Each structure stands twice: as C-alpha cells, then as structure tokens.
Amino acid sequence: MISNSLIKPTYSQQNHYLVKNQILLLFLFITLFEINDIKAQTPSDALMMKKSELCIALIYQNDTWDEYWEGTLLRDNQNIGVLTRNTALPMLAYGVSSKFNVIVALPYVSTEASRGQMVGASGLQDFSIFAKYLLYELKKESGSLSTFVTAGFSLPVSPYLSDYLPFSLGLGTQEFSLRGIINYEHKSGVYLRGSYAYLHRTTTEAERNYYYADGSFYTTTMDIPSASNAELALGGWLFKKAIQLEVGYVTQTSFSGDDIRRQNTGQPTNKMDIASINGRLRYFPSILKGLSIVAGYSDVLSGRNVGKSTIFSGGLTYQFMLKKS
Amino acid sequence: MTSNKYLYKLSFIILLFSIVFFIQGCEKDLPRYVAFEPYIFTNLDEDGGTWKQIHMSSIEQIIIEAPTDPTSDAYKTEVAATKAAIANMTSDDEEAIKYWGNNPIVRWNEIARELAAKYNLIPPPNADGTYSSPDPANPSKFPYFPFAHPPYTSRAYAYMSVAQFDALIAAWHYKYKFGRPALYKNEGAVKQLLPTSDLPSYPSDGAVIAAVSREILSVMFPLEKEYLTAKSDEAKDVLILSGLHVQSDVVAGDSLGRGVAKALLERAGSDGMKFAQSPKPISDSIKNAAFVRFGWQWTNQESPVRPVGLTPLCGNMKTWSVDDLEAVRPPVPPAIGSAEFNKAADELINIADNITTEQRKIANWWSDGFNTTTPPGHWNKLAVDYLLKYRYNPLRSARTLAYMNMAVQDAGICCWEAKYYYHYPRPIEAIPGFKGILGTPNFPAYTSGHSSFSAAAAAVLAHIFPVEKSFVDAWALEAAESRIYGGIHYRFDSEAGLVQGTKVAEYTINKARVDGAD
C-alpha cells in the first residue's frame, strides 16, 4: 500500500528541505480505488524525514459506495446495497538520510455488503515498500521548488482471492511503481504540488481455468492492467504551522482492460479508472512534540468499473529521532 | 547535492525499473484457445457408415451426388486449383491451418463454448423493478437473445454434437461408397500440411462439421451468424490449403452438413425450449402446487425479486433417451426443520464459518456461473481433452460428444423437472441469516444441477474411456461437493443429483452400447 513520509514542517532557515507532508492525501489515493486497488500508491507527497528520523502512523479508513460504474454506466445494485470497505493501515517511514527515505505499509482490510447473501472478505492485504529520493531543490527568497522520485513495490501477503469482486481485498498482484513529484512552496506557506506515477502490475491467479474478458482465456492467470496516477494538490499552513490543510484532485487510468458487462460482476482484468477530489486536515497538538492527528475526506467524481466511493479517514502519526544525529 | 549526483541517482532508479520491467516480461501471452498439435488418428473407423444414427431415419436421408472420377479432366482441374491455392498461401493461412488442425470437432466445440460464455448473462432489472426477457424474434433488442443459461447451453451443445455425429456417420457411408482416394495419393503430388490418413476424401468431413456447426450455432446464437459464417469459411479454406481436399469434396460436405443440421433444427423447433421460460401465472401455479403438496416453496431472493424462476417448464422438454422422467425423479427431500434438514444446514453453517482456502478453490473451480461456459461446457472441455489424448478421429470424437451431451441435456431436463416439482428453498432462504461465497441462482435447490450434469457426463466418459473412470468420477464428486462449499446447495441436493445424473446417463449409454461402434 501506500506510505508516506511525515514530518512536522519547520520554517527554520537552517532547514534546507522544507516540505509539507501529505500522508493522508497519499493514503487517500490508495483508498480511492475501492475495488481493491488499494494498492501500491507510492508516497506522492513532498516531505522527507530527516536522517535517523522514524515515523509511525496508524490510519483508519471507511470507504462506502452504493453506486458503481458497470463499464461507463453508473448504477446501483440492490443485491449489494452499500459496499463498505474498512481498512486499518499501519505505516513506518524512516530517514536513511535526509534525501533518501524508506517507507513500508501493510493494511488490514475488511469488506461487506449491506444487502444480498454473499459474504465479504477480510485479512491482510498487500505489503508495500517505497524508496523516496529528493532529487533536486531550488530555494529562493520567495519560495522553494523541490522534486522527488519514489520507487515502490508491493505484493499480496495473504492468499486472498482477487477474483471476488466487489468484495476482494485487493487486485492480488505485484506492483512496481515509479513516481515523480514536483512541489512549489511560497514563503507564505501556501504550496502547490503535482505528481505523476506509472504503476506496473503483473498478474493475479484466479481459481478457475476459464474466464471471459472480451473473449476466452484458457488459464488461471489474469493480466492486471497497468495504470497511470496523477495528482494536483493545493495546500497551506495555518496557526503557526499547527494545522495543515490541503485539497487535491487525483486521477488514475488503466492502460488496458475490459469493461464490466451488463449485470456481470467485476473482474480483476477490468479497466479501472477513477477521478476524485479530496481534502485533508492535519493537526499538530502542542502537548506532544512529534504527534499529529490526521483526518481526510475523499469523493469519487467519475469512474469506470469502480465504485463511487466516499471515504472518511482518520488517524495518528508520531515521529521521533531514532538516534541523535 | 550536485547535479551529477542527482543524475546518477536518477539513472540508477530508471535502470532498476527497466530491469524489473524486462524481467516481468512484456505482457504475458495468455492462451485464448487450447493449442494442440495436429495428430495421426488412432484408427479410421472404416465401418463408421454402418453405425446407428441418433436422429436421422436413413443413412442417405440427405443425398449428395457421386463425385467425378479421379481420372476425369474435371477432377484434374480441381487438383490443380488446390495446388495453386497452396502455392499462394499467406502466413495468415498457415496460422489458420495450425489453428484448425485435422480434427475440427475440437475447434467448433470451443467456438460453441465461447458463445455460451459470451451470452451467459442474466437480464438486469429495469428502472421500475421489472425484468425484461430476451426475445428470439428480436434477438438484438436488449436483453440480447439468448440468455445462455445451463438448460440452454446443454441444449446447444447437444444439438450441435448430435448433428455432427449423424452427419459424419452419413459422410463415412458416402466416403466408402464413393471411394474417392485421399488426395495425398494423387499422382499430382499435392503438398500436405496436415497429417494424412487414408480416409476417402469425398465428402470432406471437415466441411460437414463446419456446415453442421455453423447452421446449428447460428440458430442457437442468431446474433453470431456473420461470425460463424466467417469461421466456417476459414475452416473450409484450410481444407484446401492443407492439401487434404479439392473443392468438390468441400462443397459436398457442406451440402450434407446443411441437410442434417436442418433435420436436427426441426426437432429443436418443437422440443419445448420455446415454452420453458413460462409466464408468471404458470410459474405461480407450479409453485403453489408444490406448496400444497409439501408445505414449502422456493422464492427468488434477489432485489428486485425476479417474478419467474429459470425455465420452470424445462422438465417438459423433449429428452433424447429418457422415456419416463418420474422413474428417475429423486425421492422427497427432508422437511424444513427436520433432523435431516438441520444436519445439512448445520454443515453449511459450519463450512461458511470456517471455510478453508482449499474449499474455496473447489467452489470456484466448478462454479461455472455467469459469463462462463456453464457446467455442461466445463465437461465438454474435459471431454475434448480426452479426444486429443486418445487421438480420436472426427467421427469418434463426434460420437463421444454426442452421447455425453445427450446425457447431459437429459440430466438437465430431469433435474429441472425435480427442481420445480419439489420447489425446495435454497439455504439462503431456509436458513435465517445464511450467507455463502457463491451467488445463489434463480431456481430452486433440490437437486443440484452441477451434480446431475457432472454425474451424467462422467458416466458417459467412463463408458467410452474406461481407463479414466476414477478421474471423471472424482471430478463429478468434487463438482457436487463444490456447491456445498459455495453455500448454495444442501448435501442431500448434491447426493440426489449425482444419483439422478448417473441413472439418466444409463439410458444414453444403452444406446451407445448397440450403435455398432464398439
């Protein structure tokens, strides 16, 4: 899954790597893909941990939809009612150096439908690991510009069945990702961030040796379409950086895949596309240094072969130095 | 950080990813059809023309003209035309030859299975909560005709296989009657691109199979007429390009195939399928009759409710071999709430609560639900694997599939007769709060269709391939068990289904014993 580097921003002149953290935004990306594509969304924020700094995070997410896109047709299904996906996401981010961070995450997911007679699923989903590099930074009086690249890898850790839509925990595939991030922060604290990622997926195994996806396939192996993920975010800091506020727009588009046919269930081979807006709030209470409380909201505006999810998330992060630098 | 260091790190990342992507390979080429090497037939069944046909009343019911003499100019011209076609072959033609091979029974069965999967989707609800039905008179009006559910697909496979078999028996009769030598023997030395055999070449068995399959499947799947004609044309071209036939072989085969298909389609037009999806008043009276008789009834649990189950009058359809459906009807299932019922219910609850990955896999392996080839299709694939394994010629291949699919369709008709006679509620209806990992279909429980279809198919395959009996029997048992793991059948549904399927198949096997092939 995703991971994020989290850092309390400081505007200290001595700190060269001032950036803001979007753990939630990142986190939200994952959850945007209600249909199990809660997969490796690489950290897309513009924050880095300092050398030897460790951040522990635990985020809870509640994702519901009562409408989904059957291909491009938005519809409900009274044999599903409301599809709920709850996720508990623990993450760790560590500063190997101030320019190279490593992030790991492993969510526990559980799904259920409010109607119908099919059971949901629950279990550990995919383990993800990311390596994030600060490539380049330019600082001026008026503001700073920074660019990052994140490489990521994720894979399923439990034998969940991906071919069990809409209940399946994930796409059941390995994913390699490469993301570029560019961030501009004005001296006032307002920032604008953009990122683009290529998500390379491999295959998943179904438990049947024939399936139909625009034609016959005589194999248990399903090709999972690779995808691009792009986001644009605008944010800022308030109350002497005690509060971070951000709004963003994310799109994810699969490069291939078939459409869900009329009255059929989804299949991991589908072309899953999604566009959503999100908002996030982060609060650093003064009572405990290193602690932050995060809350987020995301809404799917348009999609294809995915649910029209509304996502609420919330959690805690705590960062500290592992050893004195 | 200097820009050199930055470039170095960036290059490293890109290199890493390139390596990773290459290792993953370009998009894996997943098999879209089952590849097989064209093979030499185990035998030619020279006496195939004396075997007893299933439906045709006489061996020359369809007349084809005698071929020209091999020494005639007309024939020599044809041979030259075949050689010219071979000389102008494209790489697409070579691909087509490989694809079709020398036993087109394999490919046509595959084509039928794919169409079954393509059309195996149930109508969605309308905005007002009603459901529309496919209309055979207007197949392209949504919901498209047909809805290829198991009773429908078992019928399609049966008619195609029986027509193929009857047509090939006639073809074998004509082949040895007219005795036009196999083309490879011709002094003109026609290049052979498929394994040769000494089968007389007129009429072409490949052309017979193409015509029969095209005609039958075009009626079963009317929106696919153009596609099927294109496939048939390609199959017929291969017959020439492979060096096996001249044009008159193909024309005669096509004509014979058409004739037999027409006869089988006449039977299909009045076999009761038209009335199987009865209107609501009839469906309700069937339901009420069961309620009066037994004190229970099945109701569709979907939302919105489907007012009519799947083909309540399937049990009235014409069978191939079973003459008395009551004789194969299973005994009354246990009363809801009885000790036997509770035992079965407890088993289902226990499985649902503790389902293992192995049980889940079995449930999914045999599920064969929407957008798949259905359980009859699953068994057709298994049967075709055996045709290849034992290197059967097209006639014996057609025989295997004809008997298996007749038994399977009969099993479906008898199973559905029992389903609506007993009208037994499903686990999700009779066990409060019960949920499973498979979706419950739109028809009553007792008996399990999967079990009936599978037991019937296994019995026929075990008769034809005695060496494989333990395997096919194990698969049928597993298919029956899979429905219990899926939470959509009680154990007594599956057990009774297996028994019924085996009984039904015996009627078909009795015909196979005396058709002259063994």
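Keep in mind the model is a prediction, meaning the values are calculated, not measured. (Residues numbered from 1 in each chain as written. Chains lettered and ligands numbered in written order. Predicted model: local features only at pLDDT ≥ 70, side-chain atom pairs only at ≥ 80, totals over all residues.)

Draft legend 1. How the structure looks around the overall build of chain A. Regarding its fold elements, chain A presents one helix and 20 strands. Within chain A, buried positions represent 54% of all 325 residues. Taking contacts inside chain A between residues at least 6 apart in sequence as the whole, the part at least 24 apart equals 68%. (Helix = DSSP H or I, 4+ residues; strand = E, 2+ residues; numbered from the N terminus. Buried ≥ 20, exposed ≤ 12 C-beta atoms within 10 Å, placed from the backbone. Contact = placed C-beta atoms within 7 Å.)

Draft legend 2. The pairing of strand β19 (residues 291-304) of chain A, seen in detail. Residue and element names in this part refer to chain A. Of the strand pairs in this sheet, strand β18 (residues 273-283) and β19 are connected by eleven bridges, and their pairing is antiparallel. Each residue of the ladder has a partner; that of R282, found in β19, is V294. With nine bridges joining them, β19 and strand β20 (residues 310-321) adopt antiparallel strand pairing. The residue of β20 that forms the bridge with S292 is T317. Connecting β19 to the antiparallel partner β20 that follows it, the hairpin turn spans five residues, and N305 within it adopts a positive phi of roughly 60 degrees. (Pairing = 2+ DSSP bridges.)

Draft legend 3. Up close: the environment of B:E224. Residues and elements named next belong to chain B. Relative to the elements of secondary structure, E224 occurs in the loop between α6 (205-220) and α7 (225-241). In the structure, E224 is positioned 109 residues away from L115 in sequence and 8.3 Å away in space, judged by C-alpha atoms. With residues up to four places along the chain from it excluded, the contact list for E224 reads L115, L217 and S218.

Draft legend 4. View of the packing of helix α17 (residues 449-464) of chain B against helix α19 (residues 491-513) of chain B. Residues and elements named next belong to chain B. Interhelical geometry of α17 versus α19 gives an angle of 40 degrees and a closest axis separation of 7 Å. Seen along the crossing, α17 lies across α19 with a hand that is right-handed. The residues of α19 that touch α17, namely those facing S451, S452, F453, S454, A455, A456, A459, V460 and H463, are S494, G497, L498, Q500, G501, T502, V504, A505, T508, I509 and A512. For the contact of α17 with α19, the class distribution of residues is ten nonpolar, ten polar and no charged. (Axes fitted to C-alpha atoms, helices over the stretch in contact; angles between N-to-C directions. Left-handed = near helix turned anticlockwise from the far one by under 90°. Nonpolar A, V, L, I, M, F, W, Y, C, P; charged D, E, K, R; others polar.)

Draft legend 5. Fine view of the nonpolar core. Counting residues in hydrophobic clusters, the biggest one holds 143 residues, and the most contacted among them are B:A163, B:V260, B:M404, B:A407, B:A456, B:A457 and B:V460. When residues in this core are grouped by element, the largest group, 18 residues, is from helix α15 (residues 394-422) of chain B. Built from parts of two domains, this core gets at least three residues from each of domain 1 (76-269) and domain 2 (278-513) of chain B. B:A456 has contacts with B:A407, B:V408, B:D410, B:A411, B:G501, B:V504 and B:A505, leaving out every residue within four places of it along the chain. Counting 25 residues, the second-largest nonpolar core is a separate cluster that includes A:A105, A:L135, A:A151 and A:I181. (Core = buried A, V, L, I, M, F, W, Y, C linked by C-beta atoms within 7 Å. Domains from an automatic or database assignment.)

Draft legend 6. Structural context of the interface of chain B and chain A. Each side of the interface is counted separately: chain B has 46 residues, and chain A has 34 residues. Of all the secondary structure elements, the ones that give two or more residues to the side of chain B that touches chain A are α1 (3-24), α4 (104-119) and α13 (357-365) of chain B. With nine residues, α1(B) is the largest single contributor of residues to the side of chain B that touches chain A. A breakdown of the residues in the side of chain B that touches chain A according to their chemical character gives 24 nonpolar, twelve polar and ten charged.

Draft legend 7. Quick look at the domain arrangement of chain B. Residues and elements named next belong to chain B. Per the domain assignment, the segments of chain B are domain 1 (76-269) and domain 2 (278-513). The centre of domain 1, based on its C-alpha atoms, is set 30 Å off from the matching centre of domain 2. On the domain 2 side, the residues contacting the 30 residues of domain 1 number 33 residues. Broken down by secondary-structure element, the contributors of at least two residues to the side of domain 1 that touches domain 2 are α4, α5 (150-178) and α6. With 13 residues, the top contributor of residues to the side of domain 1 that touches domain 2 is α5. The residue makeup of the side of domain 1 that touches domain 2, split by class, is 18 nonpolar, nine polar and three charged.

Draft legend 8. Main features of the pairing of β20(A). When strand β1 (residues 53-65) of chain A meets β20(A), the two strands line up antiparallel, connected through twelve bridges. In the sheet register, A:L54 faces β20(A), and the bridge partner there is A:F320.

Draft legend 9. Molecular detail of helix α14 (residues 374-389) of chain B. Residues and elements named next belong to chain B. Its 16 residues place the ends of α14 23 Å apart at the C-alpha level, agreeing with the 22 Å of an ideal helix rising 1.5 Å per residue. Buried residues of α14: T374, P375, P376, G377, H378, W379, N380, A383, V384 and L387, and no others. On its buried side, α14 packs onto α4, α5, α15, α17 and α18 (469-485). (Expected span 1.5 Å × (residues − 1).)

Draft legend 10. Broad picture of the packing of α14(B) against α15(B). All names here are of chain B. Running from N to C, α14 and α15 cross one another at 155 degrees; their axes reach a closest spacing of 10 Å. Classified by the angle between their axes, α14 and α15 sit roughly antiparallel to one another. When you trace α14 past α15, the crossing you get is right-handed. Between α14, through P376, W379, N380, A383 and L387, and α15, the contact on the second element is made entirely by S397, T400, L401, M404 and V408. Residues that form the contact of α14 with α15 fall into these classes: seven nonpolar, three polar and no charged. (Parallel < 35°, antiparallel > 145°, perpendicular 65-115°, else oblique.)

Draft legend 11. Region of interest: unusual backbone geometry. Of note, the bond from B:F145 into B:P146 is cis; its omega dihedral lies within 30 degrees of zero at 5 degrees. Along the chain, B:P146 falls in the loop between α4 and α5. Here B:Y446 and B:T447 are connected by a cis peptide whose omega angle stands at 10 degrees. Within the secondary structure, B:T447 is located in the loop between α16 (427-430) and α17. Backbone geometry at A:S52 places phi at a positive 70 degrees, although glycine is not the residue there.

Draft legend 12. Structural detail: the confidence of the model for chain B. Counting all residues, the mean pLDDT for chain B is 95, and 95% of those residues have values of 70 or more. Listed scores for the predicted complex are pTM 0.92 and ipTM 0.94. (pLDDT = per-residue confidence, 0-100.)

Draft legend 13. A look at the confidence of the model for chain A. On average, residues of chain A score 87 in pLDDT, and 86% of them are at 70 or above. Low pLDDT, under 50, characterises residues 1-42 of chain A; the stretch is placed with 194 contacts to residues that sit more than four places away or in other chains.

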